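# Secondary and tertiary structure notes
These are the residues of each chain, in order.
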Amino acid sequence: MIVVTGATGNVGRALVDRLVAAGRPVRALTRDPQRAGLPAGAEVVRFRRDDPAALFTGATQLFLYAQAAGDRPGELLRAAREAGVRHVVLLSSAIIAEGADGTHPIHVMHATVERAIRDSGLEWTFLRPGGFATNALQWAPQIRTGDTVRGVFAGARSAPIHEDDMAAVAERALLDPGHAGAVYRLTGPEATTNAEQVAAIGRALGRELTFVEVPPEEAGPDLFPHVPPGMLQSFRAAVGATPEINDTVEKITGAPARTFTHWAEDHRNDFQPPATA
Ligand SMILES: NC(=O)c1ccc[n+]([C@@H]2O[C@H](COP(=O)([O-])OP(=O)(O)OC[C@H]3O[C@@H](n4cnc5c(N)ncnc54)[C@H](OP(=O)(O)O)[C@@H]3O)[C@@H](O)[C@H]2O)c1
């Protein structure tokens, strides 16, 4: 049995779909099973911290989100180990790198969980992806209602990675031998700017979209409801930068990482206006 935390998340859901399709027993954890919309082939279980042992009964492997590990990851990991889990695959972050700012909140969150896993006695594999292609969903509310996208840092460059490419790497790390103790930095195949991503979404929709740059100090919570104030400024460093690009996805899965254009085509429906009755 493979336990998947974050099973309703971008990566977790894609992984559950893959494991179900591969005929593997999967326990999909979510805080709200009623709203989860997970496939019938998965055992859907409510994620709760007060009885972690119950989450892991009969399980041998765990796919872990840092958010699910929580502030005291050692407790969850101990419960997993005592129940028979042997190997954990962590969705970590590329922010963990030589010379990184170890005080950045995203660094702290992932580094804390990585440390707890190394101390847990479990076998582990760390996935450290860079920027997700799904970050482009931040523009979906604007694109559903018009052809102009207001956003920060039009020229910020990244190599966005498709959520299903991360899930494919996780699937191999869980199902194949030889991934224990590995740290995989994962990226998409090519660099794109924010403005180029908006244009690619427009092409997928058959529309011409225009990116209008807004200074970060003028970008209020209506534009960035999920980004803590202050963190927007830290994205400035990506303007004109050369993002890390590697072929780790292809090396592990045998298929090249998908482009942002491919992602936009896969997600066309997320940007369409709601159908009128
Ligand atoms: N976005 C990026 O560019 C980027 C880059 C590198 C790393 N990351 C990391 O990747 C992760 C985000 O991945 P994603 O986009 O697949 O996630 P997502 O779509 O935002 O979904 C988050 C998932 O985590 C679960 N979750 C959230 N808080 C939880 C909690 N307190 N306890 C238990 N479960 C909780 C949610 O489950 P329920 O609500 O169903 O319970 C949900 O399934 C984060 O850890 C982030 O730091 C992101």
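### Quick word on the overall build of the chain
Helix and strand content of the chain: 12 helices and 11 strands. What you see for the chain is a C-alpha radius of gyration of 19 Å, in line with the 19 Å of a compact globule of 277 residues. Its C-alpha atoms give the chain principal-axis dimensions of about 55 × 50 × 35 Å. Going through the 277 residues of the chain one by one, you find that 37% of them count as buried. Residue pairs at least 24 apart in sequence account for 75% of intrachain contacts in the chain once pairs closer than 6 positions are excluded.

### Regarding unusual backbone geometry
Unlike most non-glycine residues, Phe153 shows phi in positive territory, near 55 degrees. Tracing the backbone shows Phe153 in the loop between strand E7 (148-151) and strand E8 (157-158).

### With respect to the site of the ligand
Residues in close proximity to the ligand total 25 residues, the closest being Gly6, Gly9, Asn10, Thr30 and Arg31. For the shell around the ligand, the secondary-structure elements that each account for two or more residues are helix H1 (10-21) and helix H4 (66-69). In terms of residue class, the shell around the ligand is built from 11 nonpolar, 12 polar and 2 charged. Domain assignment of the residues forming the shell around the ligand places at least three in each of domain 1 (2-129) and domain 2 (131-162 + 188-243 + 258-277).

### Observations regarding the sheet that holds strand E4 (residues 61-65)
With respect to topology, 7 strands assemble into an open sheet ordered E3-E2-E1-E4-E5-E6-E9, the strand pairing being parallel. Across the chains shown, the open sheet's two edge strands, defined by having one partner strand only, are strand E3 (43-46) and strand E9 (182-186). Recorded for the sheet is a direction-independent mean angle of 20 degrees between the axes of neighbouring strands. The sheet contact formed by strand E6 (residues 123-129) and E9 spans 5 bridges and is parallel. Within E9, the residue paired with Leu127 across the bridge is Tyr184. Lying on the sheet, helix H8 (residues 163-175) is in contact with strand E1 (2-4), E4, strand E5 (87-91), E6 and E9; it crosses E6 at an angle near 165 degrees.

### A look at the environment of Pro215
Counting through the fold element by element, Pro215 comes out in the loop between strand E11 (210-213) and helix H10 (231-234). Separated by 62 residues in the primary sequence, Pro215 and Phe153 have C-alpha atoms spaced 7.7 Å apart.

Here is what the cut-offs are and how they apply
Numbering of residues starts from 1 in every chain and runs along the sequence as written. Where local features are concerned, this predicted model is filtered to residues with pLDDT of at least 70; where side-chain atom pairs are given and counted, the filter is 80 or more; whole-chain, interface and lining totals use all residues. Only runs of H or I of at least four residues qualify as helices and only runs of E of at least two qualify as strands under DSSP, and these elements are numbered from the N terminus. Between the two quantities, the radius of gyration covers C-alpha atoms and the globule rule is 2.2 Å times the number of residues to the power 0.38. Remark: C-beta atoms are placed from the backbone, and a residue is labelled buried if 20 or more other C-beta atoms sit within 10 Å of its own, exposed if 12 or fewer do, or partly exposed between those counts. Once C-beta atoms are placed from the backbone, any two residues with those atoms within 7 Å are in contact. For each residue, a C-beta atom is positioned from the backbone; the residue is called near a molecule or strand if that atom sits within 6 Å of it. Each residue gets one label: Ala, Val, Leu, Ile, Met, Phe, Trp, Tyr, Cys and Pro are nonpolar, Asp, Glu, Lys and Arg are charged, and the others, such as Gly, are polar. The split of the chain into domains comes from an automatic or database domain assignment. Only strands joined by at least two bridges in the DSSP assignment are considered to pair. Axis geometry follows a simple rule: fit a line to the C-alpha atoms, using only the stretch in contact for helices, then measure angles between N-to-C directions, giving values from 0 to 180 degrees.

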